[in-house]
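One letter stands for each residue in the lines below.
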Amino acid sequence: MEAQGCTPDIKTWTILIKGFCVVNEVDKALLWLGKMVEKGIDADADLLDVLVYGFLIEKRVVGAYQLVVEMIDKAHVRPWQATFKDLIEKLLGERRLEEALNLLHLMKKQNYPPYPEPIIQYVSKFGSVDDAWGCLMAISNKQYPSVSAYQRVFQSFFNEGRHSEAKDLLFKCPHHIRKHSAISSLFGSSVSNLEAVST
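For every chain, the first residue of its written sequence is number 1, and the numbers climb from 1 along that sequence. A pLDDT threshold of at least 70 governs which residues receive local features in this predicted model, and a stricter bar of 80 or more applies before side-chain atom pairs are shown or counted, although totals over entire chains, interfaces and linings include all residues. Only heavy atoms go into the side-chain values, all of them from the structure, while hydrogens and water stay out.

Trainee: What is the right way to read the overall build of the protein chain from this model?
Mentor: Across its full length, the protein chain carries 13 helices and zero strands. Its helices and strands taken in sequence order, the protein chain reads α-α-α-α-α-α-α-α-α-α-α-α-α from the N to the C terminus. C-alpha atoms of the protein chain, sized along the principal axes, occupy 80 × 30 × 20 Å. Here the protein chain, with 199 residues, has 43% of them falling under the buried criterion. The long-range share in the protein chain, meaning contacts at least 24 apart out of those at least 6 apart in sequence, stands at 59%. Of the roughly 10,900 Å² of accessible surface on the protein chain, 51% is carried by carbon and sulfur atoms. On the protein chain, the mean spot of the 23 positive side-chain charges and the mean spot of the 24 negative ones are 5 Å from each other. Starting at the N terminus, helices and strands are each numbered in turn, a helix being any DSSP run of H or I of at least four residues and a strand any DSSP run of E of at least two. Between buried and exposed lies partly exposed: a residue is buried under 20% and exposed over 50% of the maximum accessible area for its type, with that area taken using a 1.4 Å probe on protein chains only. Should any heavy atoms of two residues lie within 4.5 Å, those residues are considered in contact. With residues, only the protein chains shown are counted as cover, and all accessible areas are computed by Shrake-Rupley using a 1.4 Å probe. Charge counting treats Lys and Arg as positive and Asp and Glu as negative, with His and both chain ends excluded. Charged side chains are reduced to one point each, which is NZ for Lys, CZ for Arg, CG for Asp and CD for Glu.

Trainee: Explain the pattern of salt bridges here, please?
Mentor: In a structure, side chains of opposite charge can pair up when their charged atoms sit close to one another. Any Lys or Arg side-chain nitrogen found within 4 Å of a carboxyl oxygen on Asp or Glu counts as a salt bridge. One pass over the structure, following the stated rule, counts six salt bridges. Asp130 is paired through a salt bridge with Lys172; the nearest N and O atoms lie 2.9 Å apart. In this pair, Asp130 sits in helix H8 (residues 129-139) while Lys172 sits in helix H10 (residues 163-172), placing the two residues 42 residues apart along the sequence. Given the relative accessible area of 53%, Asp130 is considered exposed. Across the pair Glu165 and Arg162 runs a salt bridge, and its minimum N-O distance is 3.4 Å.

Trainee: Whenever I open this one, the packing of helix H1 (residues 10-22) against helix H2 (residues 26-38) confuses me. Can you help?
Mentor: A pair of packed helices can be characterised by two numbers: the angle between their axes and the separation between those axes. With their axes 7 Å apart at the nearest point, H1 and H2 run at an angle of 160 degrees to one another. It follows that H1 is roughly antiparallel to H2 by the angle criterion. Crossing of H1 over H2 shows right-handed handedness. Residues Ile10, Trp13, Leu16, Ile17, Phe20 and Cys21 of H1 pack against Val26, Lys28, Ala29, Trp32, Leu33, Lys35 and Met36 of H2. The axes are straight lines fitted to the C-alpha atoms, using for helices just the contacting stretch, and the angles between their N-to-C directions are given from 0 to 180°. Angles below 35 degrees are treated as roughly parallel, those above 145 as roughly antiparallel, those between 65 and 115 as roughly perpendicular, and all remaining angles as oblique. Two helices that cross are described as forming a left-handed crossing if the nearer one is turned anticlockwise from the farther one by less than a right angle, and a right-handed crossing if clockwise.

Trainee: Mind showing me how you'd approach the nonpolar core here?
Mentor: For soluble globular proteins, the rule of thumb is that nonpolar side chains tend to be buried together. One finds Leu87, Ile88, Leu103, Ile119 and Phe154 to be the most contacted residues of the largest nonpolar core, which totals 62 residues. If we skip the residues at most four places from it in the chain, Leu87 touches Leu56, Val61, Ala64, Tyr65, Val68 and Leu103. Residues grouped as a nonpolar core are buried Ala, Val, Leu, Ile, Met, Phe, Trp, Tyr and Cys residues, joined through side-chain atoms within 4.5 Å.

This is how it looks when you write it as structure tokens:
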């Protein structure tokens, strides 16, 4: 194309790079990404999604995560919401909660709505009380999580039969959350008993 005086645009480069990803040659796709950047063409969300797909086909989830973080930080690419969601789910599938929470923070910085469901489910099955607290802080759009966020986390712990972890998390909560009627109804009469024991 270039020999004929036709300069490839971002769509052309994306198709070329996607071809390498489809045949499990993501390392070659990255080389061509470098060549594209050398030619002065910036990556976009579509190209990033293609590369993430290539990494995921090769089951290189951490590589996909590192690429997304680097492209946001250095190339100022704004990934698609679907790219974030897919990668969060794959990271949790490999028990990489810290990376998934970091992507959730990056999602919020891109003004996407939080995507807490898979993280809450993961924490309620495998996580600690500290993990649950980190999850609550990550899914909040404000300084403090909403009552409904606490409800979802507590309910998820109950659904997994992890009542003692739910009670331990309750002790970490601010007083107004422990006393909130919606939270009290989840725990039943045990909340007042827990309050009495903790004072």
